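Each chain, written out:
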Amino acid sequence: MTAGGALQEKGLLRFLTCGSVDDGKSTLIGHLLYDCNEVSEDGLDLLKSQSKTVGRAGDALDYSLLVDGLMAEREQGITIDVAYRYFSTPRRKFIVADTPGHEQYTRNMATGASNSDVAILLVDARKGLSIQTKRHSKIVSLMGIHHLVLAVNKMDLVDYNQQVFDDIERDYAQFAQKLGASNIQAIPLSALAGDNISAPSPAMPWYDGPTLLSYLETITIRDKVQGKAFRLPVQLVNRPDLNFRGFSGCLSAGTMSVGDKVRVGSSGALSSIASILTPDGEARHASAGEAVTVTLGDEVDISRGDVIAPADDPASISDQFAAHVIWMHQKPLLPGRQLQLRLGCQSVNASITQLKYVVNYEDNSQTAGKTLKFNETGYCNLALDRPVVFDTFKNNRDMGGFILVDKLTNETVGAGMIAFGLRRADNVHWQAMDVDKQARATLKAQKPCILWFTGLSGSGKSTVANVLEKKLLAQGRHTYLLDGDNVRHGLNHDLGFTDADRVENIRRVAEVSKLMVDAGLIVMVSFISPFRSERRMARQMVENSEFIEVFVDTPLAICEARDVKGLYKKARAGQIKNFTGIDSPYEPPEQADIHLYASDKSPEALAEQVFADLEERNIV
Amino acid sequence: MAEKPAYLTQLEAQSITILREVAAQFEKPVLMYSIGKDSAVLLHLAMKAFAPAKLPFSLLHVDTGWKFREMISFRDKLMKKLGLDLIVHTNTAGTEAGITPFSHGSARYTDVMKTQSLKEALSQHGFDVAIGGARRDEEASRAKERIFSFRTKDHRWDAKNQRPELWNLLNGRINSGESVRAFPLSNWTELDVWRYILAEDIPLVPLYFAALRPVVERDGMVVMVDDDRMSLEADEAVEQRMVRFRTLGCYPLTGAISSSAANVAQIIEELSDSRLSERANRAIDHDEAGSMEKKKQEGYF
């Protein structure tokens, strides 16, 4: 082999393998690595010794041991997480995403598929198409993969029978037609024995198609993004001195050239490309996949998250869209809860305003649902707190794929694919008013704020708030008390007590409180509001100094002993479901602005404590 | 310079994009510079990612005091030439306690002088992200690690509970005290690294190239006698052999291989035929099965 090799021309191909637990994915990849000389001598020694001790291939080599990396995986003989493998032939370099077939499959498969061009779908020749096969096909199609290999594995166990293969191929073609899939290549093989992996199988002379490896080496991925209008999401502004102001990013579509007229996504400002700096120096052009730094001909205000695009073919802008969302966390999605949405280099606050249906992967049907559980996929409407620049996922994976991040734990809890924008946000403006919050507050001679009372049912929230309001009124303050029970008779009478409804309940009350603060009032909110996330959302709707969280801290045992409304008794008897403190959680504030230890003080004393605090804050 | 193959241009662009995300998402990044070939590529990519501006990162070398002398002189010369400031951190408590690879065994020595030392340095300077040159093809547990790999306040890695990474979206959100290890070379293989070094003409420590060096054979490993701190057993004799190193670390723990490859092109040729894995000559990976995974959970790079 000559230095540098001759594997360049086809570049990089990324693919994923999927199939059920025992269909032989890891064995297949292990065998590919083995055939491509990617297994070292010491790796081979290890493989031989482990095949004897923990291997599950009898006397033969257990190739799956080359792939399963974590200790727990080797012990249990399963694949827990997406693993990436690398091999190359003289014609191409490959990156394989090996994704597990068991419970957490949707999350891991979607992750592996997100960067793949080809999917290899394994089917056990003895079993034919399974429910998993159909599920996986649907996920792969949802993730925008257009090239599929139907790998009919374990042909050695059906005596290399052509009829078995033909039947499976035909069944799958019928199923795939409904799915709208194209570019399917069926290959009969044995991952264990090595038939049709890299060399044509002498046991199956009736098959005249490509081996798996030659298919992977030669397939041309018609890169859909190359022919499209260019998109440069700006990662960062490069400004070493006053003479240079460049915008760095990786082109996600098309080709840009020096002199091109451009438009900047968020502001719509116009300019032109003055220079393009690539890793190899100055260039006249750059294409999708290249990491560049460009300068523009005009002083334009651009920051991270903006998208530079052709003046006559810019990306869409919206603060609402419809999208498929895959939920990736053990705790279910609660529509209405605020999450961080990351798309390209943009980060905004978002919430799912409507869950239209849950996708049923087995039969491709749709069912109604109020939440999304771990590994479920839903079709949703999302609303953002400011517009983002995007393209549909179908047109551009990088401009239409997003992740959802929990704002408290920072975990990535979901991923989504934009179907379309729901409106052009730039056509909807805030109506500017001449009389503002300041003017209304000045007239009332007070500082508007929200006093958010949170605590268990029966803790004394409403009682304390009521005493406090009387005191404020007596002093000539303008107030309003929003009480959980009362609001549920009117504005929120359509909501129940599931987690999802509780989130929506609080969202509406927070919006109403915000309007009342805008009206210049001192608003008291007396709601159990059991979740930190929603209290935090309410806090973020107003100025930080305008939100005062009051924790009415009465131990559960005391609330239950009081049981003013007889609710605890009913909850214990199972007559009321989802009762906070009994079978629904309460998350106490970590740092309440005012902490009331309410078990041994009178409501008057507690109201006095809040009042004193308000004086200190110059609110009264 | 050799022509850069298309796939290397793709890998290069992806790594640069990752480095820019690090700069954009974190407040105080540090690039781990270990003097080896992967660090050399990482540093080269970082300079490209932010040109014409200067590197927006600090550089950190965790020095155990047992690196090859040639590594240290190469390091100091390169930093001077590039005009970069390097933080060199040594676990002085470990040095004072007399912990050496000879006296305490590789496992204990590595824990104190590398893992603990690294954690100490990261905490001391308050870095919220550390960029490393690790690759997924190096070792089985690395194959599952994320590009942005979350660490708890105690620098621990939870392999079973990692953030999914989709498309090019990297989630670097952390709370105060937590941190991320970022791996821009995740998708590179050892051969990719060498081909890139060839194409870009990146300078390396001469130890990578074959030369006559003074070595002894000990426990099946060919060890270079780099200074007089290494005392010889009765049956050991220093001999001059034509050797080179596939990876570089602490000289008592890094085995040499017999080779005549004296330049990058020859190394690529040798590797293309080679059937020994890259870390086969590293003592610390062989202590017990799953040893890298355990070390990583505890905070090792």
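On a predicted model such as this, the values are computed, not experimentally measured, just so you know.

Got a minute to help me understand the overall build of chain B in this structure?
Helix and strand content of chain B: eight helices and 10 strands. Carbon and sulfur atoms provide 49% of the accessible area of chain B, an area that totals close to 11500 Å².

Is there a simple way to think about the overall build of chain A in this case?
When its secondary structure is counted, chain A shows 16 helices and 28 strands. Counting all 620 residues of chain A, 55% fall into the buried class. In chain A, 72% of the contacts between residues at least 6 apart in sequence involve partners at least 24 apart. Accessible surface computed for chain A: about 26500 Å², of which carbon and sulfur atoms make up 49%.

Explain the side chain of Thr211 of chain A here, please?
Inspection of the secondary structure puts Thr211 of chain A in the loop between β6 (184–188) and α7 (212–218). Apart from the residues lying within four places of it in its own chain, the contact partners of Thr211 of chain A are Ile187, Asn196, Ile197, Ser198, Ala199 and Pro200 of chain A.

Sorry if this is basic, but what is going on with the pattern of salt bridges here?
Two side chains with opposite charge may pair up if their charged atoms get near one another. Tallied over the entire structure, the rule returns 44 salt bridges over all chains. A salt bridge links Lys48 of chain B to Glu200 of chain B, with the nearest nitrogen and oxygen atoms 2.8 Å apart. Of this pair, Lys48 of chain B sits in helix α2 (residues 37–50) while Glu200 of chain B is found in helix α6 (residues 190–200), placing the two residues 152 residues apart along the sequence. Accessibility assignment for this pair places Lys48 of chain B and Glu200 of chain B in one class, buried. With a shortest N-O distance of 3.8 Å, Asp226 of chain B and Arg69 of chain B are connected by a salt bridge. With a gap of 157 residues between them, Asp226 of chain B in the loop between β8 (221–224) and β9 (239–244) and Arg69 of chain B in helix α3 (residues 69–82) connect regions that are remote in the sequence. By relative accessible area, Asp226 of chain B is classed as buried at 5%. Among the residues examined, Arg69 of chain B registers a relative accessible area of 53% and is labelled exposed. Where salt bridges share partners, they join Asp280 of chain A together with Lys4, Glu12, Lys48 and Glu200 of chain B into one cluster.

Where do I start with the packing of α6 of chain B against helix α7 (residues 264–273) of chain B in this structure?
Each pair of packed helices can be described by the angle between their axes along with the distance between the axes. All names here are of chain B. At a minimum axis separation of 9 Å, α6 and α7 run at an interaxial angle of 160°. Here α6 lies roughly antiparallel to α7, going by the angle between them. As for how α6 packs across α7, the hand of that crossing is left-handed. Facing α6, whose interface residues are Glu190, Leu191, Trp194, Arg195, Ile197 and Leu198, α7 presents Val264, Ala265, Ile267, Ile268, Leu271 and Ser272. Its residues placed into classes, the contact of α6 with α7 shows nine nonpolar, one polar and two charged.

Hey, could you run me through the environment of Ala176 of chain A in this one?
All names here are of chain A. Tracing the backbone shows Ala176 in helix α6 (residues 162–179). For Ala176, a relative accessible area of 1% gives the class buried. Each C-alpha atom of the pair Ala176 and Ser141 lies 9.9 Å from the other, and the pair is 35 residues apart in sequence.

Explain the sheet that holds strand β3 (residues 92–98) of chain A to me, please; I cannot follow it from the model alone.
Two modes of strand pairing occur in sheets, parallel and antiparallel, and in both the strands are linked by backbone hydrogen bonds. All names here are of chain A. In spatial order, the strands read β2-β3-β1-β4-β5-β6; together these six strands make up an open sheet with mixed pairing. Each edge of the open sheet is held by one strand with a lone partner, namely β2 (83–89) and β6. Each strand of the sheet is rotated relative to its neighbour by a mean of 25°, with strand direction disregarded.

I keep staring at helix α16 (residues 603–616) of chain A and nothing clicks. Help me out?
Structural remark: α-helix, 3.6 residues per turn; residues separated by three or four positions point the same way. Residue and element names in this part refer to chain A. With 14 residues, α16 extends 20 Å between its outermost C-alpha atoms, agreeing within 8% with the 20 Å of an ideal straight helix rising 1.5 Å per residue. Among all positions of α16, only Leu606, Ala607, Val610, Phe611, Asp613 and Leu614 are buried. Here the buried residues of α16 occupy an arc of 160° about the axis, which is enough to place them on one side. In this fold, the buried residues of α16 make contact with β24 (449–454), α10 (461–474), β27 (547–553) and β28 (594–597). Asn618 lies just past α16 and shows a positive phi near 60°.

Explain the interface of chain A and chain B to me, please; I cannot follow it from the model alone.
How big an interface is tends to be reported as the loss of accessible area on association of its parts. Contacts between the two partners involve 79 residues from chain A and, on the opposite side, 63 residues from chain B. Summed over both sides, the interface between chain A and chain B buries roughly 5700 Å², with carbon and sulfur atoms accounting for 54% of that surface. At the boundary of chain A and chain B, one finds four salt bridges. In this structure, Asp280 of chain A engages Lys4 of chain B in a salt bridge whose closest nitrogen and oxygen atoms are separated by 2.8 Å. Summed over the shared surface of chain A and chain B, the result is 24 residue pairs in polar contact (both at pLDDT 80 or more). Per-class residue counts for the side of chain A that touches chain B are 36 nonpolar, 24 polar and 19 charged.

Would you mind showing me how to read the pairing of strand β22 (residues 401–405) of chain A here?
Working note: regular strand, side chains alternate between the two faces of the sheet. Residue and element names in this part refer to chain A. The element β22 is largely enclosed, with a buried count of five among its five residues. Residue alternation in β22 divides its side chains into two sets, Gly401, Ile403 and Val405 and Phe402 and Leu404, and both sets are buried. Sheet topology places β22 next to strand β23 (residues 412–421); five bridges connect them, and they run antiparallel. From the neighbouring strand, Val405 faces β23, where its bridge partner is Thr412.

Explain the environment of Val552 of chain A to me, please; I cannot follow it from the model alone.
Residues and elements named next belong to chain A. Here Val552 lies in strand β27. Judged by its relative accessible area of 1%, Val552 falls in the buried class. Separated by 98 residues in sequence, Val552 and Thr454 place their C-alpha atoms 6.0 Å apart. When sequence neighbours within four positions are dropped, the list of residues in contact with Val552 reads Phe453, Thr454, Gly455, Ser459, Gly460, Lys461, Leu596 and Ala598.

Sorry if this is basic, but what is going on with the side chain of Arg337 of chain A here?
Residue and element names in this part refer to chain A. Within the secondary structure, Arg337 sits in the loop between β17 (316–327) and β18 (339–343). Under the relative-accessibility criterion, Arg337 is labelled buried at 16%. Contacts of Arg337, omitting those with residues within four sequence positions, involve Ala350, Ser351, Val503, Phe531, Ser533 and Glu534.

Help me out: how do you make sense of helix α1 (residues 25–35) of chain A in this one?
Residue and element names in this part refer to chain A. Counting buried positions over the 11 residues of α1 gives nine, a clear majority of the element. Of all the positions in α1, only Lys25, Ser26, Thr27, Leu28, Ile29, Gly30, His31, Leu32 and Leu33 are classed as buried. Lining the buried residues of α1 we find β1 (12–18), β2, β3, β4 (118–124) and α7. Note on α1: the residue one or two positions beyond its end, Asn37, has a positive phi of about 60°.

Can you walk me through the confidence of the model for chain A in this structure?
The predicted coordinates of low-pLDDT regions are not to be read in fine detail. All names here are of chain A. Here chain A shows a mean pLDDT of 86. Residues at 70 or above account for 89%. Considering each helix and strand of chain A separately, the mean pLDDT is smallest for helix α3 (residues 71–76), with a value of 54, and largest for β22, with 97. This stretch, residues 1–8, has a pLDDT under 50; its non-local contacts, to residues over four places away or in other chains, come to 18 contacts. Note that pLDDT drops below 50 for residues 425–430; the model gives that stretch five contacts with residues more than four away or on any other chain.

Could you clarify how one ought to interpret the sheet that holds strand β25 (residues 479–483) of chain A in this entry?
Residues and elements named next belong to chain A. Strand order in the open sheet formed by five strands is β25-β26-β24-β27-β28, and the pairing between neighbours is parallel. Pairing within the sheet leaves two strands with one partner each, and these edge strands are β25 and β28. Adjacent strand axes in the sheet meet at a mean angle of 15° when their direction is disregarded. Packed on one face of the sheet, helix α12 (residues 499–518) meets β24, β25 and β26 (522–526) and runs near 150° to β24.

Sorry, what's going on with the pairing of strand β1 (residues 29–32) of chain B here?
Residues and elements named next belong to chain B. Alternating residues of β1 divide into Pro29 and Leu31 and Val30 and Met32, and every residue in both groups is buried. The pairing of β1 with strand β4 (residues 129–131) spans three bridges and is classified as parallel. Following the sheet pairing, Val30 is matched in β4 by Ala130. The pairing of β1 with strand β2 (residues 58–62) spans three bridges and is parallel.

What counts, and where the lines are drawn
Residues numbered from 1 in each chain as written. Chains lettered and ligands numbered in written order. Predicted model: local features only at pLDDT ≥ 70, side-chain atom pairs only at ≥ 80, totals over all residues. Heavy atoms only, no water. Helix = DSSP H or I, 4+ residues; strand = E, 2+ residues; numbered from the N terminus. Areas by Shrake-Rupley, 256 points an atom, 1.4 Å probe, with all protein chains shown as cover. Buried < 20%, exposed > 50% of the residue type's maximum accessible area, 1.4 Å probe, protein only. Contact = heavy atoms within 4.5 Å. Salt bridge = Lys/Arg side-chain N within 4 Å of Asp/Glu carboxyl O. Axes fitted to C-alpha atoms, helices over the stretch in contact; angles between N-to-C directions. Parallel < 35°, antiparallel > 145°, perpendicular 65-115°, else oblique. Left-handed = near helix turned anticlockwise from the far one by under 90°. Nonpolar A, V, L, I, M, F, W, Y, C, P; charged D, E, K, R; others polar. Pairing = 2+ DSSP bridges. Expected span 1.5 Å × (residues − 1). Arc of directions from axis to C-beta. Buried area = accessible area lost by both parts, 1.4 Å probe. Polar contact = N/O pair within 3.5 Å; in protein donor to acceptor, adjacent residues only side chain to side chain. pLDDT = per-residue confidence, 0-100.

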